[in-house]
Amino acid sequence: MELLNTLVSAVNNVLWSYVLIVMLVGLGLWFSFRTGFVQIRHLREMVRLVAEGATAKTKKGHISTFQAFCVSTASRVGVGNIAGIAIAVVVGGPGAVFWMWVSAFLGMATSFCEATLAQIYKEKDPVYGGYRGGPAYYMHRFIQEKRGGKKKRYVGISVLFAMSGLICWCGISQVISNSVTSAFHNAFHIPPIYTTVVLVALAAVIIFRKTATVKVLDVLVPIMAGCYFLITVILICMNFSALPGVFSRIFEEAFGIRQAVAGGLGRGVMNGVKRGLFSNEAGSGSAPCAAAAAESDQPVKLGLTQALGVFIDTIVICSCTAMIMLLTPESLTEGAVGMELLQVAMGYHLGQFGVIFIAATLWLFSFSTFLGILYYARSNISYLFGDGMLPQNLYKVLALVMMFIGGLAAYTVVWDLGDVGVGLMTVFNIIMLYPMSGIAMKALKSYETEKKNRKKG
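Here's what I pulled together on the structure shown here. (Residues numbered from 1 in each chain as written. Predicted model: local features only at pLDDT ≥ 70, side-chain atom pairs only at ≥ 80, totals over all residues. Heavy atoms only, no water.)

Here's the deal with the packing of aromatic side chains
Part 1 of the argument: Applying the stated criterion to the full structure yields ten aromatic pairs.
Part 2 of the argument: Centroid distance Tyr-137 to Tyr-383: 5.6 Å. Interplanar angle 65°. Geometry classified as edge-to-face. Taken together, the positions of Tyr-137 in helix H8 (residues 135-146) and Tyr-383 in helix H19 (residues 352-385) put the pair 246 residues apart, joining distant regions of the chain. Note on accessibility: Tyr-137 and Tyr-383 belong to one class, buried.
Part 3 of the argument: Here the aromatic rings of Phe-184 and Phe-188 are separated by 5.4 Å at their centres, their planes lie at 50°, and the arrangement is tilted. Placement of both Phe-184 and Phe-188 in helix H9 (residues 156-188) is noted, with a separation of four residues, approximately one turn of the helix.
Part 4 of the argument: Site record: aromatic cluster; members linked through ring pairs are Phe-98, Trp-101, Phe-247 and Phe-251.
Part 5 of the argument: The positively charged end of Lys-122 is found above the aromatic ring belonging to Tyr-131, 4.1 Å away from the centroid.
Part 6 of the argument: Sitting over the ring of Tyr-128, Arg-378 keeps its end group 3.7 Å from the ring centre. (Phe/Tyr/Trp six-rings, centres within 6.5 Å; stacked < 30°, edge-to-face > 60°. Helix = DSSP H or I, 4+ residues; strand = E, 2+ residues; numbered from the N terminus. Buried < 20%, exposed > 50% of the residue type's maximum accessible area, 1.4 Å probe, protein only. Lys NZ or Arg CZ within 6 Å of the ring centre and 35° of its normal.)

As C-alpha cells, this is what we get:
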C-alpha cells in the first residue's frame, strides 16, 4: 500500500505541476477565441435548448438532449462540488476560487467542442440501444480518416483514453463512498461499514437494470441540485454584509504578492484548476460519452447544453460551496479534513441541521455521480472489449467493489487516485481536440447560419 501511495502521488505531481494547467487553460483560450466566446454569445441559447429538451419526446431506447444533460450534470454535481471545493479553499486558499472560475469559464468552450465532436462521430449502440460514442470513438474515426479510411480495431491513443477513463471512474467510485461514509459518521456516528453496505446495495439494484439509470437521474438531478442551491443562497443572503470581504479575499489572494512570494499563488492556481476540472470535467472527455448517446438533429445542440452544465456545476454550485466555507471563521475549520470541513462550516451556519443536511445531500450527489460515471463507462467498455453484456457487468461489479473499498480507505490516497485518472484522460483528450477543432468550428458556423436563415424566413 505504501508503494502504491508513493506511485500515485508521484504521477499526480507530474500531471498537476502546471503541465495540465497550461494545457487546459491554453486549450480553453484557443476554443474561446475560435468560437468567438461561445460561452457568452450563446448562453441564452443554452438555457433555451435545455428547457426545450425537457419536454421533447424520443424514440424507444434513445435519450434526449435534456437526459444527456442530466447524466453529465449528475456526474459533475457531486463530491467535487462539496468536498473537493472545500479542500481547494483550505489547501489553495481563497484565491483558488478565482482560478476555479477561470477554469470553468474557459472550460465551457472546451466542453462545447468535445460534446459537439462526440455527436458528430456517434454510432449505433447494439448493447443498450440508441447511440454511443465519446473521445475513444472520435479519436479513432478521425485518425482513420487521416490514414485514408484504413480500418483498424484499435488506435493507440483512443485505447489509452478508454483505459484511463475506466481507471478514473473506479477511483471516483472510491471517492464517492469515502466521502459519504465520512459525512454520515460525522453527522450520525454511524460506522463506515454500515453506510458502505447500504450504498453499494442500492447502487447495485439500479445499475444492473438497463434503463433505470437515466430514469433515476431525470428525477434526482433537478431536485438535489435545486435544494442545495436554495439552502446555500439563503445562507449567503443571511450573511450578505460579509460578502464584500469574502470577494476581497478571493481576488487579493488570487493575485497577491504575498502569496506569490510564499508559494501560495501557485498552490491557489493548481488547486483551483484541479478541483474545477475534477468537478466540471471540461476537457477530460467524460461528458462527451453522455452527449454522444443523445438523439439530436444538430450536434451543436449537445455542445451548447454540455457547456451550460459546466456553468451550472462550477460557476453556480461550486461557488455556493466556496462562499459557505469562506463565510465561516477559519479558526473553526482549522485542522478539519475531508467532509468534516464543510460539515463544520454548515454546522456554524445552521447548527446540527446543517451537518445532517450536508450528509443527506452528499448521499444524493454521490449516488447520482456513481450512476453517471457508470453510464460514461458503457461506451469505453464496448470500445475496448466489444459488444456484449459480460464486459459491462464485470466492470459494474469492479466499480461496486471499489466503492466498497473506498468506504473504508484513507482519504488522501482516494483523492489522489481520482486526480491521476482524470489527469490522464485529460491529457489524451486534449492532444486530439486541438487537431479536431476545425470540425467543431464548421458545425458551429453551420448551426448559426441555419438559425439566421430561420429567423429571416
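Some thoughts on the pattern of salt bridges
Part 1 of the argument: In the structure shown here, the tally under the stated rule is seven salt bridges.
Part 2 of the argument: Residue Glu-448 pairs with Arg-41 through a salt bridge whose shortest N-O separation is 2.9 Å. Within this pair, whereas Glu-448 is found in helix H21 (residues 411-456), its partner Arg-41 is found in helix H3 (residues 38-41), the two being separated by 407 residues in sequence.
Part 3 of the argument: Residue class for Arg-41 comes out partly exposed when judged on its relative accessible area of 43%.
Part 4 of the argument: The shortest N-O distance in the salt bridge between Glu-45 and Arg-48 comes to 2.9 Å. With a gap of three residues between them, Glu-45 and Arg-48 both fall in helix H4 (residues 43-54), about one helical turn apart.
Part 5 of the argument: Under the relative-accessibility criterion, Glu-45 is labelled buried at 5%.
Part 6 of the argument: Residue Arg-48 is classed as partly exposed on the basis of its relative accessible area of 36%.
Part 7 of the argument: Connected through shared salt-bridge partners, Glu-123, Asp-125, Arg-132 and Asp-387 make up one network. (Salt bridge = Lys/Arg side-chain N within 4 Å of Asp/Glu carboxyl O.)

Remember that the coordinates give geometry; whether it matters functionally is a separate question.
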